[in-house]
Amino acid sequence: MPKVFQLGYVAMGVADFAKARDYYLETLGTTEVDTDGEGNAYLSVGCSHHDIVLRESGEKSLLHLGYQLNPGTDLGEFADDVRAYGLKAGKKSDSQPGVAELIEVEGPGGNVLQFYETIDMPAPGYKSSGISPVRLGHVAVICPEADKLIAFYRDFLGFWETDWIGDVANFLTCNSDHHVVNILNAPPSRIHHIAFQLHEGADHSRAADKLRSDGVPTRWGPSRHTAGHNLASYHYDPDSTLIELYTDMDVFVPELGMCQPRPWHEHFPMKPKRWGLDELSTWGVNFDFNLAAG
């Protein structure tokens, strides 16, 4: 059983704080729940205290990822186990709004991961304006030490590997979502994309219309992926971070080592598979935009 059960938040350094904040609040449709003394903005999709953290920076960067530990986890014991695994881990108290205590881990490739048991749930509610996704779904990161990072997720945290694309991308999950994190083997360490789940398939056209009205072009899709079989489209936020909007993600059943059957699957049972680098879309849709490069 994995030690964590969901992705909690993604924290980013942004070069143009005002534009990034406006995009996430007005175009994407999140709510600013809090700020701190360092000027960080904490943005919520609708339920948790925050799903996105923005910090003004000289250049765009991935600051850290937050994961929620299983209820009842002893943070001190968890930190000791991380150190025994061979990574640095430190306990922080009141380091950010909404999280009283957390363990910060220095992962392979410079990836900083934060683990917490509880987070405030002020439930600001879902916006009726903007794209208004229903949840933060997953994150994809590029890491030059991908093998070591994958091993930490798989061997220490207990994630399941659900698919691969060539020798470049690994898909892992800690719950029933096909993937919670996607790790790509390439330098330098950075975000490849952040994915938000839409309510239903019809929301893809509404989201595309909203992006167009705000002057944001859709770069890829909507189309159906192979790995995960989600309907997905991609665009850039103002800091050129790739944003995925998706529905219909495969449901992974770890007890069976397979995804719940769907009519559009290529084979049954749909077990973890290594897809080719040219197999990003089940529909054979080709786009000029290089999705693999992000």
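See above for the structure.
Model, not experiment: these values are computed from the prediction. (Residues numbered from 1 in each chain as written. Predicted model: local features only at pLDDT ≥ 70, side-chain atom pairs only at ≥ 80, totals over all residues. Heavy atoms only, no water.)

A. Here's a closer look at unusual backbone geometry. The linkage connecting P187 with the following residue, P188, adopts the cis geometry, with an omega of -15 degrees. Not every positive phi belongs to a glycine, and D94 is a case in point at roughly 50 degrees. Residue position: D94 is located in strand β6 (residues 88-96). Although it is not a glycine, S132 adopts a positive phi angle of roughly 55 degrees. Along the chain, S132 turns up in the loop between β8 (112-116) and β9 (135-143). (Helix = DSSP H or I, 4+ residues; strand = E, 2+ residues; numbered from the N terminus.)

B. Molecular detail of the sheet that holds β6. The sheet built from eight strands is open, its strands ordered β2-β3-β4-β1-β5-β8-β7-β6 with mixed pairing. What marks the edges here is a single partner per strand, and that holds for β2 (31-35) and β6. Shown here is a sheet whose adjacent strand axes are inclined to one another by a mean of 25 degrees, direction ignored. In this sheet, strand β7 (residues 99-106) lies alongside β6 in antiparallel orientation, the contact comprising seven bridges. Opposite G90, over in β7, you have E104 as the bridge partner. Where helix α1 (residues 17-28) meets the sheet, its contacts fall on β1 (4-14), β2, β3 (41-44) and β4 (52-56), and the angle it forms with β4 comes to roughly 165 degrees. (Pairing = 2+ DSSP bridges. Axes fitted to C-alpha atoms, helices over the stretch in contact; angles between N-to-C directions. Contact = heavy atoms within 4.5 Å.)

C. The arrangement of the pairing of β1 in detail. Summarising burial for β1: nine of the 11 residues are buried, a large majority. Across eight bridges, β1 lies against strand β5 (residues 61-69) in antiparallel orientation. For Q6, the partnering residue across the bridge sits in β5 and is Q68. Examined bridge by bridge, β1 and β4 share five bridges and lie parallel to one another. Residue pairing in the sheet places V14 in a bridge with E56 of β4. (Buried < 20%, exposed > 50% of the residue type's maximum accessible area, 1.4 Å probe, protein only.)

D. Up close: the sheet that holds strand β16 (residues 242-247). Read from one edge to the other, the open sheet built from nine strands follows the order β14-β15-β16-β13-β9-β12-β11-β10-β19, with strand pairing classed as mixed. On the outer flanks of this sheet lie β14 (218-224) and β19 (273-275), each paired with one strand and no other. Strand after strand, the sheet turns through a mean of 20 degrees between neighbouring axes, direction not considered. Summarising the sheet, β9 and strand β13 (residues 190-197) pair through seven bridges and their orientation is antiparallel. Note on β13: the bridge partner recorded for V141 is I191. Of the strands in this sheet, β13, β15 (231-236) and β16 are in contact with α1, which crosses β16 at around 20 degrees. Along the sheet, helix α4 (residues 203-213) contacts β14, β15 and β16; its crossing angle with β16, the most-contacted strand, is approximately 155 degrees.

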